[in-house]
Structure formats: structure tokens, C-alpha cells
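Each chain, letter by letter, is given below.
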Amino acid sequence: MNNMDGYALFEEKTGYHFKDPSLLKKALTHSSYANESRSDPDDYYERLEFLGDAVLELCVSDHLYKSLPGKREGYMTKLRASLVCEPTLAMCASLLDLKDLILLGKGEEQTGGRNRESIISDVFEAVIGAMYLDGGIEAARRFIEKYVLEDMYHKIEFVDSKTNLQEYVQEKGYVLSYELISENGPAHNREYVMGTVVNDERIATGKGRSKKNAEQEAAYKTLLILRNREKD
Ligand code: MN
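Residues numbered from 1 in each chain as written. Predicted model: local features only at pLDDT ≥ 70, side-chain atom pairs only at ≥ 80, totals over all residues. Heavy atoms only, no water.

1. With respect to the packing of helix α4 (residues 46–67) against helix α8 (residues 117–149)
Contact geometry for α4 and α8: axes closest at 9 Å, N-to-C directions at 45°. In terms of orientation, α4 and α8 fall into the oblique class. With respect to the hand of their crossing, α4 and α8 are arranged in right-handed fashion. Of the residues that constitute the contact of α4 with α8, the class distribution is 17 nonpolar, 3 polar and 6 charged. (Axes fitted to C-alpha atoms, helices over the stretch in contact; angles between N-to-C directions. Helix = DSSP H or I, 4+ residues; strand = E, 2+ residues; numbered from the N terminus. Parallel < 35°, antiparallel > 145°, perpendicular 65-115°, else oblique. Left-handed = near helix turned anticlockwise from the far one by under 90°. Nonpolar A, V, L, I, M, F, W, Y, C, P; charged D, E, K, R; others polar.)

2. Overview of the domain arrangement of the chain
Assigned domains within the chain: domain 1 (3–151) and domain 2 (161–231). Computed over C-alpha atoms, the centres of domain 1 and domain 2 are 28 Å apart. With 6 residues of domain 1 at the interface, the matching set in domain 2 holds 5 residues. Here domain 1 and domain 2 share an interface that buries about 400 Å² over both sides, 37% of which is from carbon and sulfur atoms. At the junction of domain 1 with domain 2, the criterion picks out 0 salt bridges. Counting every contact that joins domain 1 to domain 2 gives 0 residue pairs in polar contact (both at pLDDT 80 or more). By residue class, the composition of the side of domain 1 that touches domain 2 is no nonpolar, 3 polar and 3 charged. (Domains from an automatic or database assignment. Contact = heavy atoms within 4.5 Å. Buried area = accessible area lost by both parts, 1.4 Å probe. Salt bridge = Lys/Arg side-chain N within 4 Å of Asp/Glu carboxyl O. Polar contact = N/O pair within 3.5 Å; in protein donor to acceptor, adjacent residues only side chain to side chain.)

3. Examining the nonpolar core
Formed by 47 residues in total, the largest nonpolar core has its most connected members in F10, F124, V127, F143 and I144. Those elements that provide at least two residues to this core are α1 (3–14), α2 (21–27), α4, α5 (73–84), α6 (86–94), α8 and α9 (152–159). With 16 residues, α8 is the largest single contributor of residues to this core. With sequence-adjacent residues up to four places away left out, V127 is seen in contact with F10, L24, A27, L28, L98 and F143. Listed in part, the 10 residues of the second largest apolar core include V169, L176, I203 and A204. (Core = buried A, V, L, I, M, F, W, Y, C linked by side-chain atoms within 4.5 Å. Buried < 20%, exposed > 50% of the residue type's maximum accessible area, 1.4 Å probe, protein only.)

Laid out in C-alpha cells, this is it:
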């Protein structure tokens, strides 16, 4: 897939069409790619990320304030931090296969930049910045509602799943461990499969680009399974 098809697909999925497509391209351009030709800060995503970060924070705060009447500031602050943190945003970006569209320099590509959560979440913020400039706050807000705020409790639970599972097994007095089931692919594009073992029983497996991500998925599934068993 070349990038033009990728942008079209992105617009189709999000339902948002850029009046100025160069803004979307900029949001998806890493400085390493821009630097290979020239290095003008207006050629790569960092300035848009700066803007998108603030737009995201405002829209998420606005949503939490209005949808959670009676909740304390401290609770909303924690919830907001969980929603705008790197792992959650990288996960939101994965709903759009955003990482496949990033323009990266060769060096950054070889060292696995495309799968780095920090880059993916920065690009996600930059896309929000681009939408804000192109379509105003309403365009950005609709995008954020669809990809960040929808299903927000599940997203947070997924991101925190290893901690949540740890707390769960501790409470029950279970013994939990993770095991590596397989690892495949070249160094910059490895895929790991990790499994959970609870009291000597293999419960679930998860896939990911890092062991940590694979464990996260496995932990999430394990929590669902163990809680379900409790209901029976
Ligand atoms: Mn950032």
C-alpha cells in the first residue's frame, strides 16, 4: 500500500476529509524522515504534536467534566492521565493502523521506530493537532470521542491489565507467572506470544511487538476468564 492509498483509507475510516491534505502528511512525518532532505520544523510532526496534546487534554477534560457530574477533581485527573498516557494513545492509534502510515528515516526504521509506542502516540497527538487546524475544535472533538473516549473504561483496564491481574491473584492467593511461548520475525519486527499460568494452569495467551505488550494482552484475557469463572 502506498501512502496515498493509506491516507484515503484513513479518511474513510475516520470519516474526516482534510481540506488541506498536507497537514495530515505533516502529522505523519517523523523528523528523521524530514531531516534526510532538509530540517525545517514545519516539515515534521513535532509542532503539530505540541498543539494536539493541548487539544486532546481539553476535549478529554470537557468530556469527563460533563459526563461525570459529582465526581471529584482527583478522580477525574487520574482518569484523564490514564486516557492521555502513551500506552493508551498507542492503543487508540492501533485502531486506525496509524503506524503503517508514518514516514520514517531509514535509520529510525531499522531500529524499530515504527513499533515504538512513544513515536506512535506522538503521531496520534499530531493527527489531532492537524485536524484541529484543518476542521476546528469540533472536528478534533469528534475524532477524540470516536478513538479515545469510546469504551474508555475498557481501554484503561487493558492498559493497566498487568497491575490489575497482579492485584486480583494476590487477593485470591493464586500464583501467577508469564511464559514465553514463541518469538518470530526479524529484530526490528519481532512478534512475541506470551502466556499466563495461574496455579499451574495455562489460562490465556497474548501477542505483541514486545514481551510487555504480549503480556498485557494475555493479562487482559486472563482477567476476563477468571472473573467469568467466578460467576459460574
Ligand atoms: Mn507526546
